[in-house]
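Results of the structural survey
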Amino acid sequence: MPDHDVLVIGAGLAGQRAALAAAEQGVSVGIVSKVHPVRSHSNAAQGGINAALQEDDTWESHAFDTIKGSDYLADQDAVEIMCRAAPDELLHLEHLGVTFHRNEEGKLGTRAFGGASAARTYYVADITGQAIMHVLYEQLMKFSEDVARYEEYFTTGLALGDDGSCVGAVCRNVRDGSMELFGAKAVILATGGNGQAWHPTTNALICTGDGIAQAYRAGAKLMDMEMIQYHPTTLAGKGFLITEGARGEGAHLLNANGERFMEKYAPNKMELASRDVVSRAEQTEIQEGRGFEDGTVSLDITVVPRKRIHEALREIVLVGRDFAGVDITKEPIHIKPGNHYTMGGVKTDIEGRTNVPGLYAAGEVACVSVHGGNRLGANSLLDTLIFGRRSGVDAANRAKGREPAAPSRAVLRDEERRVADILGREKGSGRRVSEIRKELGQTMDGKVAVFRDAEGLNEALETVKRLKEEALTCYIDDRSAVFNQDVLGAIELGYMLDNAEATCVAAIHRTESRGAQYRTDFPERNDDEWLKHIDLRYSDDGPEISYSEVTITQWEPEERRY
Amino acid sequence: MAEFTLKVRRFKPEDRQGPYWESFDVELDPTLSVLDGLLQAKDRDDGSLAVRCSCRAAICGSCGVKINGQSTLACKTMLEEAQSYAESHAVAAQEGGDKTAGNGRTEIVVEPMGNMPVIKDLVTDMESTHWKKIRRVTPWLLPEGDPPEREYIVPPESMIDITQSMACIQCGACVSSCLSMEADPDFIGPAALAKAYRFVGDPRDAEGKERLHDLAQDPHGIYDCTHCFSCIDACPKGVAPMDQIMRLRRAAEHEGIQDQNHGHNHMEAFTKIIEKKGTLDEAQLLQDSYAPGIKGKLVPKHGAIKGLLESLPTAIRGIKTGKMRSLPKLIPGVHAKLPGDAQDHVKRIYAHAEDHEIELNLYIRGEEADEQVEEAVARPGADEGLAPGGGS
Amino acid sequence: MAYWPGCVSRGFTPELHGSTALVADRLGIELVELDRANCCGAGVIAEHNQELADTLNARTFALAQQTGLPMMNICSTCQGAQSECEQRLRDSEYRSHINESLAEEGLSYDPEGFTNKNFLWVLVEDYGLDKLKEQAQRPLGGLRVGPFYGCYILRPKHRLGYEEHPERDLYLDRLIEALGGEVVQYDGARKCCGFPIITMARDVSLRQAGTHLGDALDAGADCLVTPCPLCHLNLDMQQPEAAKVVNRDLGLAVLHLPQLVGLALGFEPKQLGMSKHIASTKWVEQRLAEPVAA
């Protein structure tokens, strides 16, 4: 049984950072990932990473922008920590070798990004996430003696001790199908988001909310699950992302009449208002008939100088060319809001601890909360690194001086049985996994998207409940052991349904519009009643609702205008 | 919606049979990708079809495959383009067999990547080939001493320059297509060498010369690349691995590294011969690649004697058949110069170009449009200033 | 055509130069030889110094432009090396810098209207295979020919005109058929002969050549045909050495493109310089003399 002091599940930016930070503390570390680490979805983060590093910038300004961007739902102590730590973390990355863009003096150069009052986004062309993640992986290769990598191991469940603390996990080796019990004194979930429960989404196929569901089932609280970000510029149909960096470089949003419509909604910031504001603006234009026939508006990048496009927006040149047949240097590209990020997730404190002892969470899977009701562009990369590091350090400290964990083999047997049950279902005994998944995705995108109301949300919840029933008998084709993706898909479906249920319940419950949650039946923000987080806890009868306070340090909630 | 047939090379290790072909009929919008087709086949027909995939947008690098014999990403190859290629080209099936499906439609052939062992269906073992070779080039920054208080100060062009290498998503398509690796499985390979350039070209790395020395001396290193451009064609991100290998060769030359593979000598010999004679003196090239002269005297380097001797039988055969009967061909150095004053002009071109050595990288520059491009006025203060829209 | 014969056709593969002259004459293609032009660099000079390679080739292009005729080469490697430079030279700022160098000789390169095509492309796109077929006085009678293209006219597609001519990687097949031969499909047709590394990694180089020759033999080829003299060197001149590396007897004739065309036009093997080859072409001559019944 692989035994480590700290076990990190998920090897994107947060997971890799946590593993390196824990290893630096001198404890034994294992990192598990269901795909090869560099395939993690962090590589899709294009635009950049925020830090108040410039002389004339302050962490307070960054923090305020973040809190305002969150529509005041973010916990300000966590935001302060993140913004204060950002400059050092950025320099740390640069020292490791990240190839950040430079200005003429050879120093780190910035670009403008949404919701920011100063240009503080540091970047590598438009492949920032990929660049940082690959450099962290380089470090993992360098320190392979200190961090054991379990690449292509799928986690099926967490292991809890008798005292309810987390003592490890059960993972399936994808290559040969064997299931193993991993023991750990601390487990850090860094499994990312749940965008695949919506269709379309910018998210990769692997973003199925695994860690959120696993933590939920293990008794951890989830928080702010209704806060789902729709990114303003995604390709219609395919859902691919066009980075906010394009707007940072000066691109314009136009409706079908050629008007720069953001003037009506955010006269100051225009295209660089916060994402929820821009998405709602676009959706309104589309719904009121000023969009194109394919349900889109257009993003005009031709106003950016060609040299700059080639230098800093290369990726979207390729995306435009390969997936939309458009040369963005010559013509505008059609876009619309699309599912992109979950601000909500597993509730943690500022050290990444959940309410389950020994269980941590960091990155998109977690909800500290630094993003509150809406996340600013280029803050997610920051979030993963700051809280990845903090979790790694705290988990390592927890592990030191602690007796080795001894997860019971009964947990392994339970998981093996669960998998065997899926493998054993007869063909035609129920629906196919892909059918249920498709229905889930369409339901969520139809009713739990930019504009929501009680009727739609309740219908969505009913559908999700029905699909949960159907998922219990869904069947697969592949009974083999080697690289059986089919059985993993069935397990992931279960995770997505848990995530979707939590989101629906929370969205129904919050009778208010704040950040990414916009209720057409409750269009106003209501600080008196709703300046609080919605927490959910698993029970056999469905999610149990409770509330937690929003921590306010310096910034009293104000009206939010861009 | 259109119909396509994907002919997939399958392999199920537990069945204890060898690889076999299976065809899947799919129905999709022709502007969707081969990956979308494979996923439809998986969803509808056979969930046991194994293919790595994640982002669907050519950024994660999971779905490297061979489509119609070409190494590429499945998510980036559109069905209609794959179909028309299959139709116009004689796509040789590996074990013979008909290319057309039962319905007479030409099939799109999908196979796992080459130069790697196959685990199942389209999933290959990248760890034992691709990743092992990546680790071979010490793929992490090796700075000197302690880091500065703030950032390292580096020329902005250098970061943009290595962004081309950094764009690599480790998909393995280049490794799959590499013809040198087919003949020499120990060749370090395009992906690893492109990664090596990322460090050699990074001013913050202090071991550039050592890296170059290592990769130049290794017989499976930079001089083992057969210069066939396959990796450039295969790479979905414009990394152009072969170009990075050539930059490594150039860098090695600048560091004065005399490799035991005669790579440096060959390059230098070729260049000098054209300066003197304008066209290639093959015999001189052969001699100088192994044993460059100093002031006209032969100075054999490591392995030179062996190299020259190995070439002797070929030379003799050439003389026998009459290919090389004239003096200029037989004797190095007797080759004629260009007529008239042409050679002088060539020499002057050399003087000018060797002075500048401009390296125009179209990846960074972009290609000029045919019409006049109206350059929009650059926004002031883009780097250190304020958000657009006038906000402060 | 403004004719750039390349270096090797006048050096170690003189039979190429000779057969080109005969064939062009018979087909009525006038060749104005660019005798003042310089080596294309074969990609090796570009490895050393891109600006140098670009200037040298810009000079050749400018010399061709002086004749007012479209340019033609007879070597895949020249085509590839020159196309690479042509692509960079499209950048006007760079090009004016390069032209400064050429000004001393009174030369200037202007990409407007300039074309450089190798003989294979000229035959298919400009001359026309149907017309060529008509000229064939002695069709090849089912001679089994394996095409060997040469990397430098196949890749990378984006700078070899594949967008306008997506089937350039099929031309040799079509030509063989038009001349009455039978195309032999084998693995190595579009792979690398190994020539670029013959001095640097000799074994790897010859293993490639030997493998492709062997595969063609196994597929029943009577001969190979190639439009690249450098490929010819590794496949023909080095054939006995390649045989040692792959540990099998080879003995497969390798013809230059103009030689294959010349045979179909009715020229005698000796006229086309086939006796100069290292790998004997006797078998091909035999097959042509008494074509095997289909």
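Residues numbered from 1 in each chain as written. Chains lettered and ligands numbered in written order. Predicted model: local features only at pLDDT ≥ 70, side-chain atom pairs only at ≥ 80, totals over all residues. Heavy atoms only, no water.

A short note on the nonpolar core
The nonpolar side chains of a soluble globular protein tend to be buried, and buried together. Defined as follows: To define a nonpolar core, start from buried Ala, Val, Leu, Ile, Met, Phe, Trp, Tyr and Cys residues and group those joined through side-chain atoms within 4.5 Å. Residue exposure (1.4 Å probe, protein chains only): buried if accessible area is under 20% of the type maximum, exposed if over 50%, otherwise partly exposed. For helices the rule is a DSSP run of H or I covering at least 4 residues; for strands it is a run of E covering at least 2, with both sets numbered from the N terminus onward.
If you look at the biggest cluster of nonpolar residues, it comprises 121 residues, and the most contacted ones within it are Val8(A), Ile49(A), Phe100(A), Ile132(A) and Ile222(B). Per-element accounting of this core gives the leading share, 10 residues, to helix α3 (residues 76-96) of chain A.

A look at the interface of chain B and chain C
This is how it is decided: By definition in these notes, contact holds between two residues if any of their heavy atoms fall within 4.5 Å. Computed with a 1.4 Å rolling probe, the buried area is the accessible surface lost when two parts are put together, summed over both parts. Just to be clear on terms, a salt bridge is a Lys or Arg side-chain nitrogen sitting within 4 Å of an Asp or Glu carboxyl oxygen. Polar contact is the term for a pair of N or O atoms within 3.5 Å; when the atoms are in protein, one must be able to donate a hydrogen and the other to accept it, and sequence-neighboring residues count only if both atoms are side-chain atoms.
Listed by partner, the interface residues are 71 residues for chain B and 79 residues for chain C. Summed over both partners, the interface of chain B with chain C comes to about 6700 Å²; 57% of that surface belongs to carbon and sulfur atoms. Our count for the contact surface shared by chain B and chain C stands at five salt bridges. For the pair chain B and chain C, the number of links is 28 residue pairs in polar contact (both at pLDDT 80 or more).

Examining the interface of chain A and chain B
To keep it simple, the criterion reads: Residue polarity is assigned by list, with Asp, Glu, Lys and Arg as charged and Ala, Val, Leu, Ile, Met, Phe, Trp, Tyr, Cys and Pro as nonpolar; anything else, Gly included, falls into the polar class.
Each partner contributes residues to the interface: chain A has 83 residues there, and chain B has 87 residues. When the two sides are added together, the surface that chain A and chain B hide from each other amounts to roughly 6800 Å², 52% of it contributed by carbon and sulfur. Ranking the residues of chain A by area buried against chain B places Arg39(A), His95(A) and Arg306(A) at the top, with a combined share of 11%. Between the two partners, chain A and chain B, sit nine salt bridges. With a closest N to O distance of 2.9 Å, Lys195(B) and Glu138(A) form a salt bridge. Connecting chain A to chain B are 40 residue pairs in polar contact (both at pLDDT 80 or more). Broken down by secondary-structure element, the contributors of at least two residues to the side of chain A that touches chain B are α3, β4 (110-111), α4 (128-142), β6 (147-151), α9 (306-312), α10 (314-324), α13 (433-447) and α15 (485-509) of chain A. For the side of chain A that touches chain B, the element with the highest residue contribution is α4(A), accounting for nine residues. Looking at the side of chain A that touches chain B residue by residue, the class counts come to 30 nonpolar, 25 polar and 28 charged.

Points about the pattern of salt bridges
Residues and elements named next belong to chain A. Taken as a whole and assessed by the stated rule, the structure comprises 95 salt bridges over all chains. Of the charged contacts, one joins Arg432 and Asp477 as a salt bridge, the two residues approaching to 2.7 Å between their closest N and O atoms. Of the two residues, Arg432 sits in the loop between α12 (409-424) and α13 while Asp477 sits in the loop between α14 (454-471) and α15, which places them 45 residues apart along the sequence. For Arg432, a relative accessible area of 12% gives the class buried.

Quick notes on the pairing of strand β2 (residues 29-33) of chain A
Residues and elements named next belong to chain A. So the rule is basically this: Strands are labelled as partners when DSSP assigns at least two bridges between them. With the strands aimed away from the viewer, a crossover counts as right-handed if its path from the first strand over the helix to the second runs clockwise.
For β2, the buried fraction is high: five of the five residues fall into the buried class. By the bridge criterion, four bridges tie strand β1 (residues 3-9) to β2 in an arrangement that is parallel. Residue pairing for β2: Ile9 is matched across the bridge by Val32. Crossover connection from β1 via helix α1 (residues 13-24) to parallel β2: handedness right-handed. Here β2 pairs with β6 via five bridges, running parallel. Note on β6: the bridge partner recorded for Val32 is Tyr150.

Comments concerning unusual backbone geometry
Most peptide bonds adopt trans geometry, and most residues besides glycine take a negative phi value. Geometrically, the link from Val368(A) to Ser369(A) is a cis peptide bond, its omega value of 5 degrees lying close to zero. Position of Ser369(A) among the secondary structure elements: in the loop between β17 (366-367) and α11 (380-399). Along the chain, Arg155(C) connects to Pro156(C) via a cis peptide bond; the corresponding omega equals -10 degrees. Its place among the elements puts Pro156(C) in the loop between β5 (144-147) and α8 (171-178). Of note in the backbone geometry, Ala42(C) takes a positive phi value of approximately 55 degrees without being a glycine.

Regarding the packing of helix α6 (residues 119-127) of chain C against α8(C)
Residues and elements named next belong to chain C. Selection criterion: Here an axis means a line fitted to C-alpha atoms, over the contact stretch when the element is a helix, while the angle between two N-to-C directions is reported on a 0 to 180 degree scale. Geometric relationships in this document are graded by angle, where less than 35 degrees denotes roughly parallel, more than 145 denotes roughly antiparallel, 65 to 115 denotes roughly perpendicular, and other angles denote oblique. By definition, turning the near helix anticlockwise from the far helix through less than a right angle yields a left-handed crossing, and turning it clockwise yields a right-handed one.
With their axes 10 Å apart at the nearest point, α6 and α8 run at an angle of 65 degrees to one another. Considering the angle they form, α6 stands roughly perpendicular to α8. Seen along the crossing, α6 lies across α8 with a hand that is left-handed. Contacts between α6 and α8 involve Leu120, Trp121, Leu123, Val124 and Glu125 from the first element and Tyr171, Leu172 and Leu175 from the second. Across the contact of α6 with α8, the residue classes break down as seven nonpolar, no polar and one charged.

Some thoughts on the packing of aromatic side chains
The following threshold applies: Any pair of Phe, Tyr and Trp rings, taking the six-membered ring for Trp, is counted once the centres come within 6.5 Å. Such a pair is stacked with planes under 30 degrees apart, edge-to-face with planes over 60 apart, and tilted for the rest. For a Lys NZ or an Arg CZ to count as sitting over a ring, it must be within 6 Å of the ring centre and within 35 degrees of the ring normal.
Under the counting rule described, the total for this entry stands at 14 aromatic pairs over all chains. Ring centres of Phe451(A) and Tyr518(A) lie 5.3 Å apart, and the angle between their planes is 75 degrees; on these two criteria the pair is classed as edge-to-face. Placement of the pair is Phe451(A) in the loop between α13 and α14 and Tyr518(A) in the loop between α15 and α16 (527-530), with a sequence separation of 67 residues. With a centroid separation of 5.4 Å and 85 degrees between ring planes, the pair formed by Tyr109(C) and Phe114(C) is classed as edge-to-face. Classification of Phe114(C) as buried rests on a relative accessible area of 9%. The positively charged end of Arg26(C) is found above the aromatic ring belonging to Phe267(C), 4.4 Å away from the centroid.

Some words on the sheet that holds strand β12 (residues 252-254) of chain A
Residues and elements named next belong to chain A. Read from one edge of the open sheet, four strands run β11-β14-β13-β12, paired in antiparallel fashion. Strand pairing shows two members of the sheet lacking a second neighbour, β11 (228-235) and β12, which therefore form its edges. Put simply, the sheet's adjacent strands are angled 45 degrees from each other on average, direction ignored. Of the strand pairs in this sheet, strand β13 (residues 297-300) and strand β14 (residues 333-342) are connected by three bridges, and their pairing is antiparallel. For Ser298, the partnering residue across the bridge sits in β14 and is His334.

Section: the pairing of β5(C)
All names here are of chain C. With two bridges joining them, β5 and strand β6 (residues 182-183) adopt parallel strand pairing. Residue pairing in the sheet places Val145 in a bridge with Val183 of β6. This β-α-β element, β5 to α8 to β6, shows right-handed connectivity. Sheet topology note: the β5/strand β7 (residues 223-226) ladder contains three bridges and is parallel. If you follow Val145 over to β7, its bridge partner there is Cys223.

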